[in-house]
Amino acid sequence: MQKCRDCNSSIKTGELVCYSCGTPVEERETTQTVFGKRFKLFLTVAFGASALLTLASIFVDFTPPFMRCLMLTFILLLIRSSAAQMLDKKRN
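Residues numbered from 1 in each chain as written. Predicted model: local features only at pLDDT ≥ 70, side-chain atom pairs only at ≥ 80, totals over all residues. Heavy atoms only, no water.

## Observations concerning the packing of aromatic side chains
Next up, step 1: Overall, the coordinates contain two aromatic pairs when judged by the stated rule.
Next up, step 2: Residues Phe-35 and Phe-39 carry aromatic rings whose centres are separated by 6.2 Å and whose planes lie at 15 degrees to one another, so their mutual orientation is stacked. One end of the pair, Phe-35, and the other, Phe-39, are both in helix 1 (residues 31-59), four residues apart, so they sit about a helical turn from each other.
Next up, step 3: Three or more aromatic residues joined by ring pairs make a cluster, and in this case those are Phe-35, Phe-39 and Phe-42.
Next up, step 4: For the cation-ring pair, Arg-80 lies above Phe-47, with the distance from its terminal atom to the ring centre recorded as 4.9 Å. (Phe/Tyr/Trp six-rings, centres within 6.5 Å; stacked < 30°, edge-to-face > 60°. Helix = DSSP H or I, 4+ residues; strand = E, 2+ residues; numbered from the N terminus. Lys NZ or Arg CZ within 6 Å of the ring centre and 35° of its normal.)

## Observations regarding the layout of surface pockets
Next up, step 1: Here the largest pocket is characterised by a volume of approximately 340 Å³.
Next up, step 2: Taken together, 17 residues line the largest pocket, and the ones lying closest to its centre are Gln-2, Thr-13, Glu-27, Arg-28 and Thr-30.
Next up, step 3: If you list the elements that add at least two residues to the lining of the largest pocket, you get helix 1 and helix 2 (66-91).
Next up, step 4: The class makeup of the residues in the lining of the largest pocket is three nonpolar, six polar and eight charged. (1 Å grid on protein atoms, 1.4 Å probe; cavity = no way out; pocket = protein on both sides within 12 Å on 5 of 7 lines; lining within 4 Å. Points joined across faces, edges and corners; volume = space filled by probe spheres on them. Nonpolar A, V, L, I, M, F, W, Y, C, P; charged D, E, K, R; others polar.)

The following block contains the structure:
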């Protein structure tokens, strides 16, 4: 249960305004939403690094083979898009 920041009265879930003083209630993000955003950021960074490694594998020999890099990039793209969809469903 949340408390009002101005008058410290109890506020039920779903209320938009404090019934005592009329102060608008700030909605907090749940820990699942925060974790989801961080995970999406991690997947975005990993996808970008994988895409760069895929491009580098065309021109340089000391990187993994091109097909492995391409498959990893494709898999990370699918995971990233599904994580974004799940995060949007939790918000709505």
